[in-house]
Amino acid sequence: MRKIYSLHGDECIDSVKSALSNGVRLIDTASAYGNEEEIGQGIREAIVEGIVQREDIFVTTKIYPGNEMEYPARSIQACLDRLDIGYVDLTMEQFVEEGKIRSIRLSNWYVEELTDFLPQVDTVPAVVQNVIPFIQDLGIVVQGWYPLGGRGHTGELLGDSVISEIAGAHGVSSAQVILRWNLQTE
């Protein structure tokens, strides 16, 4: 199975619409995936076809360190233009103030980085991936990142002997054990 972040063209558009038709309500994309236009088109088509309403889905996008972070306002505007869905639900302060995005999300930050970063901003991020106890104490929502391994590690995680033993003892799949652990630790 291919992840939507690696899909392009009609395959991406159709996958987004299928996901939304089957109850998915979180679409997580990024400029680096190179398919924001297709993601946006899939969302727009799903709205027109009555599959979902825009306010019922949560759309996030990301910009990356380097050139995009050097000019974040321009980079985020480019993401918004490519998606063309009116607004995204998670990104940066200026765009929150302008109503172009609803909230801020940080992906793959750690305690040291957050400790330095948070005093510099007026808008506390709504969601951060990683550092669960630290961000929960700040009232920030945790978002799982590759709960089943991802990027070539799914097989080793699902085949882990300890996880498989726990799954067998409870009559469930290894994926169910992993997802339950994620839910209970968030």
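Could you clarify how one ought to interpret helix α9 (residues 161–170) in this entry?
Residues separated by three or four positions in an α-helix point in the same direction, a consequence of the helix having 3.6 residues per turn. Where α9 starts, the residue carrying a side-chain oxygen 3.0 Å from the main-chain nitrogen of Val-162 turns out to be Asp-160. Following α9 by one or two positions, Gly-171 adopts a phi angle in the positive range, close to 65°.

I'm lost on the environment of Ser-164 in this one. Help?
Examined against the element boundaries, Ser-164 turns out to sit in helix α9. The partly exposed category is assigned to Ser-164, whose relative accessible area is 31%. In this structure the C-alpha to C-alpha distance between Ser-164 and Ala-175, which are eleven residues apart in sequence, comes to 9.3 Å. When residues no more than four places from it in sequence are discounted, the contact partners of Ser-164 are Leu-158, Gly-159 and Ser-174.

It is not clear to me how helix α1 (residues 9–21) should be interpreted in this structure. Could you clarify?
The end-to-end C-alpha separation of α1 is 19 Å, in line with the 18 Å expected for 13 residues at 1.5 Å each. Those residues of α1 that sit buried are Cys-12, Ile-13, Val-16, Lys-17, Ala-19 and Leu-20. Relative to the axis of α1, the buried residues are bounded by an arc of 160° and lie together on one face. Downstream of α1 by a residue or two, Gly-23 has a phi angle that is positive, lying close to 100°.

Is there a simple way to explain the nonpolar core in this structure?
Considering soluble globular proteins, one finds that nonpolar side chains tend to be buried as a cluster. Within the largest apolar cluster, 20 residues are counted, with the highest numbers of intra-cluster contacts made by Val-16, Leu-20, Ile-27, Ile-39, Ile-43 and Val-59. Considering each element in turn, this core owes the most residues, four residues, to helix α4 (residues 72–83). Leu-106, Leu-114, Ile-140 and Val-142 belong to the second-largest nonpolar core, a separate cluster that totals seven residues.

Rules used in this analysis
Residues numbered from 1 in each chain as written. Predicted model: local features only at pLDDT ≥ 70, side-chain atom pairs only at ≥ 80, totals over all residues. Heavy atoms only, no water. Polar contact = N/O pair within 3.5 Å; in protein donor to acceptor, adjacent residues only side chain to side chain. Helix = DSSP H or I, 4+ residues; strand = E, 2+ residues; numbered from the N terminus. Buried < 20%, exposed > 50% of the residue type's maximum accessible area, 1.4 Å probe, protein only. Contact = heavy atoms within 4.5 Å. Expected span 1.5 Å × (residues − 1). Arc of directions from axis to C-beta. Core = buried A, V, L, I, M, F, W, Y, C linked by side-chain atoms within 4.5 Å.

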